[in-house]
Each structure stands twice: as C-alpha cells, then as structure tokens.
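# A closer look at the structure
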Amino acid sequence: MAWTRVAATEEVAEGEVVGVTAAGQQIALYRDKGEFFATGNVCTHQFALLSDGYFEDGCIECPLHQGSFDIRTGKALCAPVTEDIKVYPIRVDGDDLLADI
Amino acid sequence: MFQSQAILGRMAGCKNPDQIDDHVWPAEGLDSIPDWVYTSDAVYEREVERIFHGRTWNFVALEVEVPNVGDYKRSYVGPTPVVVSRAEDGSIHVFENRCAHRGAEFCRSSRGNNKEFVCPYHQWSYDLKGNLQGIPFKRGVNKAGGMPKDFKNEDHGLKKLAVATRNGVVFASFCHDMEPLEDYLTPEILKDFDVVFNGRKLHLHGYYKNEVPANWKMYHENLKDPYHATLLHSFLVVFGLMVAGNESAMIADGKYGIHGTMASAKKEDKYAKVSDDTKKEMRSFHEGMKLQDERFLEYIKEFDSPWSVTMQTIWPNLIVQREMNTLGVRHIVPNGPNSFVMMWTMFGYEDDSDEMTRHRLRQGNLMGPSGFLGLEDNEALRFTQEGISKSTSDQSVIKLDAGNVGTADSLISEAAIRAMYRHYREVMGL
Amino acid sequence: MKLTGFESASIDPATARELRFAVEEFNAEYCAVLDSGEIEQWPDFFTEDAVYRITARENADAGMLVGLVYAEGRGMLQDRAVSIARTQMFAPRTNLHLTGNVRVLAQQQDGEFTAQSTFMLLQTLVDGPTTLHLAGRYFDRFVRQGSRLLLRERQAVYDTTMIATDLVYPV
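What counts and how
Residues numbered from 1 in each chain as written. Chains lettered and ligands numbered in written order. Predicted model: local features only at pLDDT ≥ 70, side-chain atom pairs only at ≥ 80, totals over all residues. Heavy atoms only, no water. Pairing = 2+ DSSP bridges. Helix = DSSP H or I, 4+ residues; strand = E, 2+ residues; numbered from the N terminus. Axes fitted to C-alpha atoms, helices over the stretch in contact; angles between N-to-C directions. Salt bridge = Lys/Arg side-chain N within 4 Å of Asp/Glu carboxyl O. Buried < 20%, exposed > 50% of the residue type's maximum accessible area, 1.4 Å probe, protein only. Contact = heavy atoms within 4.5 Å. Buried area = accessible area lost by both parts, 1.4 Å probe. Polar contact = N/O pair within 3.5 Å; in protein donor to acceptor, adjacent residues only side chain to side chain. Nonpolar A, V, L, I, M, F, W, Y, C, P; charged D, E, K, R; others polar. Domains from an automatic or database assignment.

## Quick look at the sheet that holds strand β5 (residues 92–96) of chain B
Residue and element names in this part refer to chain B. With antiparallel pairing, the seven strands of this open sheet are ordered in space as β2-β11-β10-β5-β4-β3-β6. In the strand order of this sheet, the two ends are held by β2 (58–62) and β6 (111–113), each with one partner. Sheet twist, expressed as the average angle between the axes of neighbouring strands with direction ignored, equals 30°. In this structure, strand β10 (residues 160–166) lies alongside strand β11 (residues 169–173), joined through five bridges in antiparallel fashion. Residue pairing in the sheet places Arg 166 in a bridge with Val 169 of β11.

## Considering the pattern of salt bridges
Any two side chains of opposite charge can pair, given that their charged atoms come close. If you walk through the whole model with that rule in mind, you get 41 salt bridges over all chains. Where Arg418(B) meets Asp31(B), a salt bridge forms, and the shortest distance between an N and an O atom there is 3.6 Å. Of this pair, Arg418(B) sits in helix α11 (residues 415–428) while Asp31(B) is found in the segment before β1 (32–34), placing the two residues 387 residues apart along the sequence. Taking relative accessible area as the criterion, Arg418(B) reaches 2% and is therefore assigned buried. Accessibility expressed as a relative area gives 25% for Asp31(B), which makes it partly exposed. Between Arg93(C) and Asp166(C) there is a salt bridge, with its nearest N and O atoms 3.3 Å apart. Residue Arg93(C) is found in strand β3 (residues 93–107), and its partner Asp166(C) is found in the segment after β7 (162–164); the two are separated by 73 residues along the sequence. In this structure, Arg93(C) and Asp166(C) share a single accessibility class: buried. When salt bridges that share partners are traced, they join Asp293(B), Arg295(B), Glu355(B), Arg358(B), Arg362(B) and Glu72(C) into one network.

## Points about the arrangement of the chains
Here two pairs of chains make contact, and the pair sharing the most contacts is chains B and C. As for chain C relative to chain A, no contact occurs, and the smallest C-alpha gap between them is 29 Å.

## A look at the interface of chain B and chain C
Across the contact, 46 residues belong to chain B and 39 residues belong to chain C. Approximately 4000 Å² of surface area, both sides summed, lies buried where chain B meets chain C, with 58% of it carried by carbon and sulfur atoms. Applying the counting criterion to the chain B and chain C interface returns six salt bridges. For Glu72(C), the salt bridge identified is with Arg295(B), shortest N-O distance 3.5 Å. Our enumeration of links across chain B and chain C arrives at 25 residue pairs in polar contact (both at pLDDT 80 or more). Those elements giving two or more residues to the side of chain B that touches chain C turn out to be β12 (202–212), α7 (234–238), β18 (340–349), α9 (354–363) and α10 (374–390) of chain B. Of the residues assigned to the side of chain B that touches chain C, the class counts are 23 nonpolar, twelve polar and eleven charged. Pairing of β12(B) with β7(C), which is carried by three bridges, proceeds in the parallel orientation. If you follow Asn210(B) over to β7(C), its bridge partner there is Ile163(C).

## What about the domain arrangement of chain B?
Residue and element names in this part refer to chain B. Once the domains are mapped, chain B shows domain 1 (58–165) and domain 2 (187–428). Distance from the C-alpha centre of domain 1 to the C-alpha centre of domain 2: 36 Å. For the pairing of domain 1 and domain 2, the buried interface totals around 1100 Å² over both sides, and the portion due to carbon and sulfur atoms is 68%. The largest contributions to the domain 1 side of the interface with domain 2 come from Phe 59, Leu 62 and Val 64, which together make up 48% of the buried area. Put simply, domain 1 and domain 2 have zero salt bridges between them. Linking domain 1 with domain 2 are three residue pairs in polar contact (both at pLDDT 80 or more).

Laid out in structure tokens, this is it:
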C-alpha cells in the first residue's frame, strides 16, 4: 500500500461520488459533510461501478441491483450484496486528495 | 415421432367444437366417455384453469433434487413452467418461471445452484424466494430516467405458488387456500403413499422423459384400468408373472374418487400357476417360457404392506410407482389435448446396499419408455388418441362391472374410471 | 469408463488406426443386424458378462445409474431380445442407424480396449415420416475373441432427453 494522489479536492463536490482509476485500481471517492472517503468502485456482487450509484446518508447504493454499502466501513448493508467493499484510508494534502492504495 | 410430426395429423372437426357449450355429455352418463374429452381445445383450456390452476396439489419435485441452499429445479404445474428453489432458511419455494418485467422464461437449466435468480435480458434480480431484489438503474443515471418514485419491489416479484411437502415429496398449488396436503391425498391413498415415502432419505437413480401423443387423462385411466394388465402386457403372461387370478385391488379414494391405487400381491413362486381356462383367455400365454436371468423376478419384501405392487394415480399430475422393488415417480405435463410429456424420476433409498441398488436398476427394465410393461401402455395410448381423432364414432364405452363407481372387488372392472369422470364432470361443469 | 466430458486417447496412433477400422466394421455389422430386424442375434455381439445400458446424457453427466435399458450379463440381453421379438406389443416400425466419429482411447495389456463413437437412430412408423428418434454416443469396452471383437460393455448415452413416445429396440 502506498499513498497516491487520486484527485483534486474540488473534483469531489459535497454529497457526490466520483470514480477514478489510481495505481491500477478502480476507486470511488466521496465527500460526506465535508469529510472525504474512498472505497473500491466495483460492486462485490456483479460488475457495476458504485460511482454510477446513489449516494445518501453515508451509504452508497449500487445502480445495478440496489445493494448498499457503508462508505466508512465498507460493510455490505443489504441484499443482494453480501461481501464488504474494500475501504482505503484517505487524506487531504493542500488541494489534493491522497489515498493509501 | 412426436405428436407435432404426424403427417396425417388433422383431427376431424366434430371432435373439437369451438364453443364450450357445444360439449354435451351423452345420455349414457358414466357408462360412456365422449371423445371431445380427449380432443377438444376448449375443454383442455378449462382443464388447465379449473384443475391444474385450481384446487389441486401438483407434484413438482422430490426434496432430494434440491437438497442444498440455492439448489433449484425447473418444473411444471400443468403446462405452466415453474422453478422449485431451496432458500437460505431451508424452506422450499415454487414460483412461475417468468420474469416480472417483460415475461422472459429466465431459468433455463434443468437443475443447478445459485445465490439468486437473475433474468438475462435486463438483469432483474430475484432472491431465492422469488422476491424482486434489484433492478438495474432503478434510480436512473445522472438523475434522469429510472423507475417512478412509487415503484415498489414488493409489487413486482415472481408469481408464487403455495407449497406443501410430505416425506420428501414437494407439491405446489396456484390456490393459496388449499386444504392441507394430507386431507387432499386422503387416508386410503396415504396408506400406500407412505409405504414408499416413509421418511427414509431417497437416493436418485436418474431420469427419463418422453412425449406421448395422447391426452393426459388417458394415463390416469390406464392405471385405473386393471382389466388391461394381462391382456396388453404379454410379458407378464408369457413368463407367467401375473395372471388374472392374483390377489389384487383397484382402490379409489373415498372422498373424491379421483386418486387411485392399483395393487397386487405376488405369489411366492417365481412363476404363477395358470389354470387352463384362464390360459385360453390370455392371448399370449406360451407354456414353458422362462427368463434366462430370473433375478429380475425376485421380490424382496422390504415394506410392511400386503402388496408387492402399488401403482398410484394422484390427481392431477402424479404417479407413484412401486413395482416390486423398483421405485419411481412420474410427473405428467399436459401439452394440449393431444400430447403430454411424462417426466420419470427413479430412486431408491440412501441406505440401500449396492446389491439392492443394482436389483432395483435391473428390475427397472419393467418400467419406463423402454420398459417391458411401460412401452405397451405408451403404444396403446397413442393408438387410442389416433383412433379417436379421425373416426366417425364419437364416444367410448365403459360398461365393465356396471353400476359400480369407485373401489372394485374385481380386476375386470371400469369402476375406478367411472369415479374419475364423476369428479371430473363436477369440477369441469360438463 | 468416463461417460462425461472429453477423454483424450492414450493409445499410440498406429494401433488406434487399426483398431478404429475394426470398430467401424463391428458397428456396421451390429447396426445391420438391428436394422434388419434380427433382434434375437443382437446378444451375439456381447460377452457373457457384458454390461449394456441406454441412458440420457443428463444421467451420465450427474453420475446417475438408471438405464432405459439396464442389462447385466448376456442372459438379460437375451431376455430383452426374446421379449421384443416374441411378446411385446408395439406398432410396427423400421430403424436405421448411422454411426461415426470412432475414437479408440486406451488399450490394456490383455488386449481389451475402450472406444467411443456417435450414433443416430432413424425411425419410421407406418404412414409416418422418418424421424431422428435418438442421437447419442457409444462408450465401449471391446475384447478380442480370436479374430472377432466382442463388447464387454456398451453404454449408449443419448442426447435426446425428450423421447418421442418410446424406444422399442435397443440401439
């Protein structure tokens, strides 16, 4: 794992989810009440990008079958997802977001 | 050939009146059966509605076919495709094999295991109980499109059937307020049903499937027709295995007269002794013919029952076969008035010795689409459907043991067939 | 014998070619006897202790044991042949076999060898069309008796899961 620049802070607006590729991984970035989070971007159920999904109340809902994950812990919250999504430590460095991938 | 492949296959128009009201039962009542019972499309449609989709329990699977969570099997209730599924909590569910979205028959493999059911067309995803779980892009994309806000998954699941099981046999019904399975099967029938399905774990031997170009009800009648046994099945007679004088019974249930058990008891001797009078009546008796391999004829008494053979017809779609030691179920799938498919599942018990298993498999040569006995019934049914379809006469005669309806004392009787049609006329309003 | 999936041949190509020709000759005789209606000669193609089974592919793939026809030993084959020829009731029909794709797989020290081929059974009923009634594969164990081949085992595994009415004659 290494700290990698993933995006500029202004690219991730409040209440939004954005998908990026960094260090060969698909990552989803979130800004939730001023705080930033990062998880894997490929749903653990079937191939779909969480960044195309519905983000609300600290949870990301996969667009394909509405499986939900907690963005802080990565925990799979409701059917049909049963496998947790990977979470990455994230920090702000000036105008950039860095994640430990 | 399949029914659909016949060259001279066109039915006489009078056998298939357009309107249901044009179907009038002959004045002879239960002494005759009008041809249209076997050939009419309108009557068939009403049968599907009032019988297979009505107040009946229909066989769909054996529990041993879906033993683990996520196991599923394609099956049929009447002609309607369904899926039998074992959910996470161990319960069994049956639902129509039709996606709630655009109607695709989504489950294509005969048997399998999965975590959920996903229709390949638009990826609508259902859980193992048939509830709609997920719809792709339900929320639209970039806040455009998607399902309306008031769309509730609970309103758009798969169409579910009621399910009942007994000793490893799974039944389903489109009626959600059906009487309990035991009541439906009736005590007379349960007696012999529970001999085969006695709580011992089953062990599958395998499957056969065949299409018979005849009306589905003829199969029930064939097994309620003890008269034909020694007359059609020359194998029994030539090798002296069964004769008209054997101890036997043709039991109809006392409640509906719709289910039946054809039973017989094998004498101790391998070869039956046949009186000279009886010999003359049976066309194919050949003095002195013996089998090269007689292991076939052995009856190993494994159940507490006076019968060595019980063939049960359980209305509307199940036959339970106990032919000495060879056991199986036959599932009828009607396919219009002129065709049905029979799906056979042969089995033994998990605790059978290897020798017992092989004995059952050898004895299985009696049954099935190549069976020494099974073959001839299929042929006779085909002849009958063909004869009925194109001839000018319009009814068949059932006068044996006249006046008797239901259980009969004699094998030379059509009383059980009369009982079946009494119930049938009532349910069908014909 | 493996009745499911693909099995590579382990026999050397020269021997394979020789045996393949012998199996093709065998199949031609076997089918000619059946196609001419001489069912009572059919058991002659088998050893005394032969096993013969006809079963659906779904059974073979799942390792299930049932057979439409299930014979252990030549006695059972003879009983079936006699029964068909002299006692059973069925509409008259003619059959034609087409076989091909013979593969010889492996040979033992004592000369016993395994082979596979494909078969199609065409059936014609009175006033009916000629239809493809059954299609499948033979999985065979052959032994040599002098210059003849005999079957110690033939498993006819058919793809035609939905059989049209019945199967009267063995394949």
